[in-house]
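# Topology and contacts: notes
Spelled out from the first residue to the last, the chains are:
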Amino acid sequence: DAGVIQSPRHEVTEMGQEVTLRCKPISGHDYLFWYRQTMMRGLELLIYFNNNVPIDDSGMPEDRFSAKMPNASFSTLKIQPSEPRDSAVYFCASSLGPRGYTFGSGTRLTVV
Amino acid sequence: KNEVEQSPQNLTAQEGEFITINCSYSVGISALHWLQQHPGGGIVSLFMLSSGKKKHGRLIATINIQEKHSSLHITASHPRDSAVYICAVNRGAQKLVFGQGTRLTINP
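Since we're looking at a predicted model, the values are computed, not measured.

Helix and strand counts for chain B stand at 0 helices and 11 strands. Listing each helix as α and each strand as β along chain B from the N terminus yields β-β-β-β-β-β-β-β-β-β-β. Relative to a compact globule of 108 residues, whose C-alpha radius of gyration would be 13 Å, chain B shows 13 Å and is just as compact. If you line up chain B on its principal axes, its C-alpha atoms span 40 × 25 × 25 Å.

Structure representation (structure tokens):
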């Protein structure tokens, strides 16, 4: 298996632009998670899905952030409009039930 | 106070030394995870524990549920073990709460 695949690896965008991050989980995994990592706050859960349904989005910072999982093999995290404080590394992870997590390589987002 | 506290925050040791990283948590959990993040940024899951002890190669993880404490040990440490080690706990279902990480540097 290729693992959890995220794209792009790096994204640099101007403030106010829309940013879309993509994730392909491991086939057969029924949970998908989006995390954000910053120097100040460390790793934080943004949202997670179970069988494509959003279960907990309490970590989504504000209405500018949205996440979708239209099918079992694809999820997106969208920021519109982006702001410099959104600069961070965004990780996607998947798991099969309560077992261990597999993380993607992350997307490093820089908003200038 | 954070729900998950790690110590030390930074640790530098010589190759071959025995390493211990500690994690304490203040909430009820269903499982505890140890993660490794290398300088390149990728995160790897090392262990998932709900009781007792697990061993994988030179790495050993233990958990004491009553004391709300876990330790990660590395025997015969090597420079390639240099990374950030992160403790995380499952607070019900699948939601993870993370510690701030321990930056480990092993010098040759």
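Okay, back to it.
On to the packing of aromatic side chains. Under the definition given, this model contains 8 aromatic pairs over all chains. Ring geometry for Tyr31(A) against Tyr48(A): centres 6.2 Å apart, planes inclined by 35°, an arrangement best described as tilted. With Tyr31(A) in strand E4 (residues 31–38) and Tyr48(A) in strand E5 (residues 42–50), the pair connects residues that are 17 residues apart, well separated along the chain. Taken together, the ring pairs connect Tyr31(A), Phe33(A), Tyr35(A), Tyr48(A), Phe91(A), Tyr101(A), Phe103(A) and Phe98(B) into an aromatic cluster.

Right, let's talk about the interface of chain A and chain B for a bit. Interface size, as often reported, equals the accessible area lost upon joining of the parts. In this complex, chain A contributes 17 residues to the contact, which on the side of chain B involves 14 residues. Interface of chain A and chain B: buried area, both sides summed, is about 1,400 Å²; carbon and sulfur atoms make up 60% of it. Its largest share of buried area at the contact with chain B, chain A owes to Leu43(A), Tyr101(A) and Phe103(A), together 42% of the area lost on that side. Where chain A packs against chain B, one counts 0 salt bridges. Applying the counting rule to chain A against chain B returns 2 residue pairs in polar contact (both at pLDDT 80 or more).

This part is about the sheet that holds strand E3 (residues 19–25) of chain B. Residue and element names in this part refer to chain B. The 5 strands are arranged E1-E3-E8-E7-E6 in an open sheet whose pairing can be described as antiparallel. Each end of this open sheet is capped by a strand with a single partner; those strands are strand E1 (4–7) and strand E6 (52–56). Shown here is a sheet whose adjacent strand axes are inclined to one another by a mean of 15°, direction ignored. Bridge count between E6 and strand E7 (residues 59–64): 5 bridges; the pairing is antiparallel.

Rules behind the numbers
- Residues numbered from 1 in each chain as written.
- Chains lettered and ligands numbered in written order.
- Predicted model: local features only at pLDDT ≥ 70, side-chain atom pairs only at ≥ 80, totals over all residues.
- Heavy atoms only, no water.
- Helix = DSSP H or I, 4+ residues; strand = E, 2+ residues; numbered from the N terminus.
- Rg over C-alpha atoms; globule rule 2.2 N^0.38 Å.
- Phe/Tyr/Trp six-rings, centres within 6.5 Å; stacked < 30°, edge-to-face > 60°.
- Contact = heavy atoms within 4.5 Å.
- Buried area = accessible area lost by both parts, 1.4 Å probe.
- Salt bridge = Lys/Arg side-chain N within 4 Å of Asp/Glu carboxyl O.
- Polar contact = N/O pair within 3.5 Å; in protein donor to acceptor, adjacent residues only side chain to side chain.
- Pairing = 2+ DSSP bridges.
- Axes fitted to C-alpha atoms, helices over the stretch in contact; angles between N-to-C directions.

Treat this as a map of the structure, not an account of what it does.
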